[in-house]
Every structure is written in structure tokens, then in C-alpha cells.
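# Per-entry structural report
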Amino acid sequence: MRLTVLGCAGSFPGPEAPCSAYLVEADGFRLLVDFGPGSMSTLQRFSGLYNVDAILLTHLHCDHMLDACSYIVARRYAPSGPLPPLPVYAPVAAPERISAAYGGENEPMAISDVYTFYALQPGSFPIGPFHVTVDRVNHPIETYGVRIEHEGRVITYSADTAACDQLIRLAQGADLFLCEASYLDGADNPPDLHLTGREAAEHATKAEVGRLLLTHLVPAWGSEALTLEAAQAAFEGPIDIVRPGARYDI
Ligand SMILES: [Zn+2]
Ligand SMILES: [Zn+2]
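Reference entry: report on the structure contained in this document. (Residues numbered from 1 in each chain as written. Chains lettered and ligands numbered in written order. Predicted model: local features only at pLDDT ≥ 70, side-chain atom pairs only at ≥ 80, totals over all residues. Heavy atoms only, no water.)

Take the coordination of the zinc ion (ligand 2) next. Tetrahedral metal sites with four donors have an ideal angle of 109.5 degrees; octahedral sites with six donors have ideal angles of 90 or 180 degrees. Within the protein, the atoms that donate to the zinc ion (ligand 2) are His59 (NE2), His61 (ND1), His139 (NE2) and Asp160 (OD), at distances of 2.2 to 2.3 Å. Coordination at the zinc ion (ligand 2) is irregular: its four donor atoms span angles of 90 to 163 degrees at the metal. Sequence positions of the donors to the zinc ion (ligand 2) reduce to the motif H-x1-H-x77-H-x20-D. Using a relative accessible area of 27% as the deciding quantity, one classes His61 as partly exposed. Among the residues examined, Asp160 registers a relative accessible area of 2% and is labelled buried. (Donors = N, O, S within 2.8 Å, 3.2 Å for Na, K, Ca; no water. Tetrahedral: all angles 85-135°; square planar, octahedral: opposite > 155°, others 65-115°. Buried < 20%, exposed > 50% of the residue type's maximum accessible area, 1.4 Å probe, protein only.)

Spelled out as C-alpha cells, the structure:
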């Protein structure tokens, strides 16, 4: 399996990174996990505009899904003719939200020519060659953490979440644990929204993962150095703060 980071800025785009988007590939199949603002640019730079076979949206906060609206134009009006509908696994409200964000007063609201939607609910299911498991995590709206398995290898992505046991279960024994670390340790952070670097690392240790990849830092408000230092105090394995274009092969 290969993971390519297309965007990793938390909550809004940063000066050097679009918002959350990750391409997971195996056997020539490309699953795009989240599609945050700006990531359609890095999709073209690090993969290809049409190099997507399915999309999974963890939740419908705009920093995780807005480029799914921009992508309608690219697929519907492709110079070679409209492309076939793309499967999109997402919370049940996704068709309405994406259509509303895309459409104007005199435009058709239907986007079924571009996307075929499958509503997420906790459980396991196949997407292409992957065995995917999702579960609800600790965030104010319907949000799913994701475990992606292929030939004995595992990538787990936290989505946006505060501390929760579901995340430890999803990450159990993962080779790569891509985990959000939005908040700084020691700050007066609101509850039930996001993790700090130390909390991400504590989840990594409990789940006995191979490698911790920190993401969703908020460049304008955070500190990579402090987040990394806090994480290193709570997880003994390798830790990276991810960047657009970073690739991990497992
Ligand atoms: Zn977010
Ligand atoms: Zn969110």
C-alpha cells in the first residue's frame, strides 16, 4: 500500500499546505480519503486530476470535503467527455451538502452523473482491493475514523477527533497511524473536538502502532516543534509531521 499526503493543514489551508486529503493506493486502485480545500491542486501535482477510483469523506466539515464540489466541474466537463460516476463513501448528508455548495439558482442540483453515494455507518466493507473499517469518533458532527487493510498491511486515519476508545480499536497494530494533532498540549482546549500531540501519541502507544504520522496541525495557531516534542514523550516509535507530497510505502 502507498499513502500520499495531498493536504494536511488543520481547519483551514496553511501557507504551504491544503486541507486534509490523502491518497491510498494498492493494485492500481486509488482511494482518496477526504478532499479538503486546495487538495485538488496537489492531486494534480502528485498524482493526476483523474487518478481517483473512489472517495471516502470522514465528515462534512468544510476543511475535509469542499474540493469534492470543485471536482464536479473537472469530471462533468472533461474535454474527453463526462467521466463515469465515482463512488463516494460519506456521511448520509453528503449528497445534499455537496450539491448545495456546488449549485447555483439556475443550475441543476443533481450530481448523480458525477458521484454515486454510499452512506457510511460503523462497520467493515470493501472498497476496491481494500478492506475498510469505519467507526464513529469523538467530534461534534457525524465523523468516522478509518482503518484500511490490504494484504496484511494497515493504515489507520483518525479523521478529526478528541480522545476515544474507538480510535484505539481502529488503530490496533496499524503499520501507519495517521492521527490528527490540532491542539497544543497545555493550552486550555475545548473538550470533544480534537487531539493534542501528546494525546495522539498516547493513542498510538495503546494501539501499538508501527509509525505515528501527525497531521491536521493548524499552522497559524500551533507549533510543530512543541507538538512533536509532546508526542515524543508519549510514543517510543518513529513519528513524522506529514507534509504535502510525502509518500509512505508499506
Ligand atoms: Zn478538520
Ligand atoms: Zn472536523
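Here the narrative resumes, following the displayed structure.
Right, let's get into the environment of His194. Relative to the helices and strands, His194 is located in the loop between strand 11 (176-180) and helix 5 (197-207). Residue His194 is classed as buried on the basis of its relative accessible area, which comes to 12%. Put simply, His194 and Ala163 are 31 residues apart on the chain and 7.5 Å apart in space, counted from C-alpha to C-alpha. Ignoring sequence-local partners within four residues, the contact set of His194 consists of Ser11, His139, Asp160, Thr161, Ala162, Glu180, Ser182, Tyr183, Glu199 and His216. For His194, the side chain forms a polar contact with the side chain of Glu180, separated by 2.6 Å. Within polar-contact distance, the side chain of His194 engages the side chain of Ser182 at 3.2 Å. (Helix = DSSP H or I, 4+ residues; strand = E, 2+ residues; numbered from the N terminus. Contact = heavy atoms within 4.5 Å. Polar contact = N/O pair within 3.5 Å; in protein donor to acceptor, adjacent residues only side chain to side chain.)

The topology assignment puts Pro79 in the loop between helix 2 (67-76) and strand 5 (86-90). Note on Pro79: relative accessible area 85%, which makes it exposed. Along the chain, Pro79 and Val33 lie 46 residues apart, while their C-alpha atoms are 26 Å from each other.

Those protein atoms acting as donors to the zinc ion (ligand 1) are Asp63 (OD), His64 (NE2), Asp160 (OD) and His216 (NE2), and they sit at 2.1 to 2.2 Å. Each of the four donor atoms around the zinc ion (ligand 1) contributes to a set of angles spanning 89 to 162 degrees, which defines the coordination as irregular. Along the chain, the residues donating to the zinc ion (ligand 1) fall in the pattern D-H-x95-D-x55-H. Classification of His64 as buried rests on a relative accessible area of 0%.

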